[in-house]
Every structure is written in C-alpha cells, then in structure tokens.
Amino acid sequence: MTECTFPEGFLWGSATASYQVEGAYAEDGKGENMWDRFTHANKKRLNGINGDIASDHYHRYQEDVKLMAEMGHNSYRFSISWNRILPEGTGRVNKKGIDFYNNLIRELRDYNIEPNVTLYHWDLPQSLQDIGGWENRDTVDAFLEYVKVCFREFGDRVKLWVTINEPTYFIYSGYLRGNYPPEAKDFRRAAKVLHHVMLANASAVKLYRETGMDGKIGIVHSFEPVYVLEETEDNLQAAEIADEIFNYTILDPALKGKYPEKIITLLQSNMDTSFIKYGDLKIMRENPVDFLGINYYTRNIVQAYSGNETELVANNSGERKKGASSKIRVKNLFEVIENPNGVYTRWDMEIFPDGLYEGLLRLKERYGDIPMYVTENGVGLVEEIVDGIIDDQERIDYLEQHILAMKKAIDVGVDLRGYYPWSTMDLYSWINGYKKRYGFIFVDYENNYRRIPKQSYYWYKKVAQSNGKYLLNK
Ligand code: BG6
C-alpha cells in the first residue's frame, strides 16, 4: 500500500451554492433571482419544491461553520447571491447582504477556514433575465459592476475567487436541454450565452488583477472527460468533437484565450457569429485564469452518431431505468452511451474514479502546470435516519476512491491543491429537489432543519485532519 499524504497546505473542504443552501429568499432586502421566479412559476411541475428555505443556512451559518471546523475543514467553497448584494442586479447596494457575507467570512476565518468564493453559481437576478439574461451583452457589464463590489467589500479577506460555476452545465441545461431556466432549446442562443459568459469570466479576471489584490482567481468547470468503448475511426472522431463541446469550449478560452477551431467552424457554418466582437478574444488571451476548479462526477462515453433527431433528456426521477432516463444524442455529431459493465447511480451517473485521474492528466497535458482544485465531487443518495444514524457508506466508498485517484494524479506531477466534495450539508438539488442528498451533514427538513452529522462526516474528519494519511490504514 502506498503512503497517502497530500502536499503540505492541501485544502480539505466541501462546497455549497447560495440558492441551494441559504433560503431567506426574500429577506433583508434580497431581490428576486431567476431561480426564485422559475420555481415559483413551475409549482406543479416541481411539486411545489423551491429554494425559499433551502437548508436555512442564512439563519444557521454559525452552527454550520462550527460543524465544518469540527469536521477538520481548512477551507469552504460557497457562492455569493448577486441579488443579496445588488437587489436590482445593478445600482443600489444592499448593506444587509454585505453584512451577511462579512459575518460568514468572519466566522470562517475565526476557525482558520479559508473561504473559496464563487461569484456566480447560476442565480442570475431576474431583472437581468428580463432583458435577455446572458444573451444580452449588457449582462457582462452588470456582472462586472457586481464583482467589483464583491472585490471591494470582501477582497481583503477572500484570497480564492471563482468567477463562474460550470458554464457548460448551466448553458446546456438552460439553453439546449431546456430543463433549467430559461428553458430554451436553441443552440444559437446557447452559443451567444456561452461567449458572453466567457467574456464575463475574462473581464472579471482582468478587473481583479487591476485591483492589485494578492489572491487568485479561477473558473469552475463541470469536467466530463470523454471516452470511447470501441476505438473505431468514426467513434474517435465523434469523441473529439464531443470533448471539445463538453470541455474545451470552456477551458480553451479560459486558459488560452481562444475557442477550439472545430467549434468555430461549426458555429460559423450554422449562424451569424457577429456577437463575438473585435477585441473580445484579446481580453480572453490577456487574462487567463490563475487556476482551474474541476467538478468531477462522471465521464461521458461517446460513439458515432447513428441516426435520428437530437435528443437531450435528464433523469430527474432518481429511478434508474424506470420512467425518465437520460439521453444525449446530437444530430450528425455524436451520441452518449452507457458502459454495459459500469456501476451507475440512481440518476444514471457512472461511478468512474479513474476518469478523475486520467482527466487531470489530460488537463496537465493540454494546459501545462496549471494549479487545480477539485471544487466538486460527490454522490447523490436517498437517505434516512435509522436509530439516530445516517449510514452513508456508499458516499464514503465513492469519495475514498476519488481521493485515491487525486493522489495518484499528484504523484505523477499534477498540481492539485484542494478538494471540496459536494456538499457540506444536504441542500436543494435544482430540479431534483431535496430527496437527492449529497451532504456530510444531514438536514432534517421535517424537524426544524436540525443538523445531524452522517457517518461520512466522521470519516472525512479523519481524512482531513491526517492530510489523507488515514486512508493508509484502511
Ligand atoms: C453541479 C452543480 O453541477 O452538480 C451543483 O455545480 C449541483 O450546483 C451538483 O447541485 C449536483 O447536481 P444535481 O443536479 O444532482 O444537484
């Protein structure tokens, strides 16, 4: 057995996002965001489920931070709700919103927990969505106005910033698959949004550097490395374009300041690309991110397109093979298939830790020695309290395999600096609601949101406090 210690100063944390944990959706001057609007307008479809209260973290942040500290955390990844800071999206600053994050940051720092702060985790102000959201280039300016306030108010104590969480995933879900707001299915709109989001990312990096602050700023990507089962020429070609769409359309502009050639050709032959203005790529080229945040849940196995229309379907039922099942087929390009020998979750996610190891190596090969953090990784489970205990051995097994995959990558030279499993506590899982639980800490929604550490909480504490050595004795 190899010794399992991680580099000195390695960050052991966990992650959440504002809309998914805070609740207090209309409190202390917070404005309405697009998820407030979407969940309230879709009561029937979402079974009345929304993030109005979520994990009630807004009121319980002190208790939550204490639990993190006791779990051995030396870092915590969370996001700021744009609407708490600027209730109308631009203009007026809401002091109570600033106070909330100042209190949270103070609490974290009192326990020596390094805040890792995401500026945008999908909760766009509704006022901006009303004028076209990310399709409207003015949203880039609005974003910069908001991040400027964040840098000014929190920048002296926050040294790790993330511009945007998972552009691929929220654009895919909101503009292609159509199951997230604004529920569009239009690749031309998606392409425009993508460019504006990547421009917002580079412009925020530029702004941060101009402040002269001494922290680091990165982007978080939903990394799904692409594989084939059979290495035929057709499959490999399909995999190449799929990899560019899923991964490099985000990572190349963030790190190299350009879009992959094939993607540009694909866009130019299908649409007017004049929304890519003169100077945009220069901003991207001159402002690469300092680090990559990698969210790794699964890989994608791809094969050559075999016919029929594009089909993009999510399994939000959590009932594998019964009812809705996930499907990705992109007409004329590729289709995603399952591994006949794979282990899958109830939500159709293949559990494949090797993909994290190999994926990190692929990134090192493509981008050199870029510092990386695994900013999300985890498994959704349906859980209950039995005799006062939440036995989530499945989560422990999942995380352990992924930690060992990270260690393997570090051993061959990947500059990996931290690990943030998703999620700190149970939270609102977008349109999967609350039954899909990810937390180290159980939230008892039926009983005044009380917190109960799961078995994985005690396990992670040992891993974090020993800087990974605990896994050696397993
Ligand atoms: C990531 C997001 O895509 O996956 C999180 O950054 C999200 O916000 C997580 O909750 C898990 O996805 P889901 O749909 O199971 O909640």
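Our subject in this report is the structure included herewith.

About the criteria used
Residues numbered from 1 in each chain as written. Predicted model: local features only at pLDDT ≥ 70, side-chain atom pairs only at ≥ 80, totals over all residues. Heavy atoms only, no water. Helix = DSSP H or I, 4+ residues; strand = E, 2+ residues; numbered from the N terminus. Rg over C-alpha atoms; globule rule 2.2 N^0.38 Å. Buried < 20%, exposed > 50% of the residue type's maximum accessible area, 1.4 Å probe, protein only. Lys, Arg positive; Asp, Glu negative; His and termini not counted. Charge placed at Lys NZ, Arg CZ, Asp CG, Glu CD. Near = heavy atom within 4 Å. Polar contact = N/O pair within 3.5 Å; in protein donor to acceptor, adjacent residues only side chain to side chain. Areas by Shrake-Rupley, 256 points an atom, 1.4 Å probe, with all protein chains shown as cover. Nonpolar A, V, L, I, M, F, W, Y, C, P; charged D, E, K, R; others polar. Pairing = 2+ DSSP bridges. Contact = heavy atoms within 4.5 Å. Axes fitted to C-alpha atoms, helices over the stretch in contact; angles between N-to-C directions. Salt bridge = Lys/Arg side-chain N within 4 Å of Asp/Glu carboxyl O. Core = buried A, V, L, I, M, F, W, Y, C linked by side-chain atoms within 4.5 Å. Parallel < 35°, antiparallel > 145°, perpendicular 65-115°, else oblique. Left-handed = near helix turned anticlockwise from the far one by under 90°.

Moving on, we get to the overall build of the protein. Tallying secondary structure elements over the protein gives 15 helices and 15 strands in all. Here the C-alpha radius of gyration of the protein, 21 Å, is about what a compact globule of 474 residues would show, namely 23 Å. The principal-axis extent of the C-alpha atoms belonging to the protein is close to 55 × 55 × 45 Å. Taken across its 474 residues, the protein has 61% of its residues classed as buried. Across the protein, the 58 positively charged side chains and the 69 negatively charged ones have centroids separated by 2 Å.

The subject of this paragraph is the site of the ligand. Close to the ligand lie 14 residues; Gln20, Glu166, Ser429, Lys436 and Tyr438 are nearest. Taking glutamine 20, its side chain carries an N or O atom lying 2.7 Å from an oxygen atom of the ligand. Here an oxygen atom of the ligand and a side-chain polar atom of histidine 121 are 2.8 Å apart. In the complex, 93% of the free accessible area of the ligand, which totals 380 Å², lies under the protein chains. Per-class residue counts for the shell around the ligand are five nonpolar, six polar and three charged.

Another aspect to go through is the sheet that holds strand β6 (residues 226-227). Spatially, five strands are ordered β6-β8-β11-β10-β9 in an open sheet, and the strand pairing comes out mixed. At either margin of the open sheet sits one strand with a lone partner, and together these are β6 and β9 (311-313). Strand direction decides the pairing type here: strand β10 (residues 327-330) and strand β11 (residues 334-337), joined by two bridges, are antiparallel. Looking at β11, one finds that arginine 329 is bridged to glutamate 335. Along the sheet, helix α10 (residues 233-256) makes contact with β6, β8 (300-304), β10 and β11, crossing β8 at roughly 135°.

Summed over all chains, the structure comprises 35 salt bridges. Among the ionic pairs, arginine 366 bridges to aspartate 252, the shortest N-O distance being 2.9 Å. Residue arginine 366 is located in helix α13 (residues 354-367), and its partner aspartate 252 is located in helix α10; the two are separated by 114 residues in the primary sequence. Classification of arginine 366 as partly exposed rests on a relative accessible area of 29%. Residue classification places aspartate 252 among the buried residues on the basis of a relative accessible area of 4%. One salt-bridge network, in which partners are shared between bridges, spans Glu383, Asp392, Arg395, Asp426, Arg437 and Lys454.

Once that is clear, we can look at the sheet that holds strand β1 (residues 11-12). Strand order across the open sheet formed by eight strands is β1-β13-β12-β7-β5-β4-β3-β2, with parallel pairing between neighbours. For this open sheet the edge positions go to β1 and β2 (75-79), each flanked by a neighbour on one side alone. Note: strand β7 (residues 291-295) against strand β12 (residues 372-376), four bridges, orientation parallel. Across the sheet, leucine 292 pairs through a bridge with methionine 372, a residue of β12.

Time to look at the side chain of aspartate 348. Within the secondary structure, aspartate 348 is located in the loop between β11 and α13. A polar contact of 3.2 Å, which involves the side chain of aspartate 348, links it to the side chain of asparagine 315. Filtering out sequence-adjacent residues up to four positions away, aspartate 348 remains in contact with Asn315, Arg320, Ser325, Ser326 and Glu338.

Membership of the largest hydrophobic core comes to 134 residues, with the highest contact counts inside it found for Trp134, Phe143 and Trp161. Take this core: its biggest share by element is twelve residues, from helix α9 (residues 187-211). Tryptophan 134 has contacts with Trp82, Tyr120, Leu124, Thr139, Val140, Phe143, Phe170, Lys192, Val193, His196, Val197 and Ala200, leaving out every residue within four places of it along the chain. Within the second largest apolar cluster, 19 residues are counted, among which are Tyr172, Val226, Ile241 and Phe334.

Before going further, it helps to spend a moment on the packing of helix α8 (residues 167-176) against α9. For the pair α8 and α9, interaxial distance at closest approach is 9 Å and the crossing angle is 150°. Here α8 is positioned roughly antiparallel relative to α9, judged by the angle of their axes. Crossing hand, α8 versus α9: right-handed. Between α8 and α9, the contacting residues are Pro167, Phe170, Ile171, Tyr175 and Leu176 on the first element and Phe187, Arg189, Ala190, Val193, Leu194, Val197 and Met198 on the second. Class assignment of the residues belonging to the contact of α8 with α9 gives a composition of eleven nonpolar, no polar and one charged.

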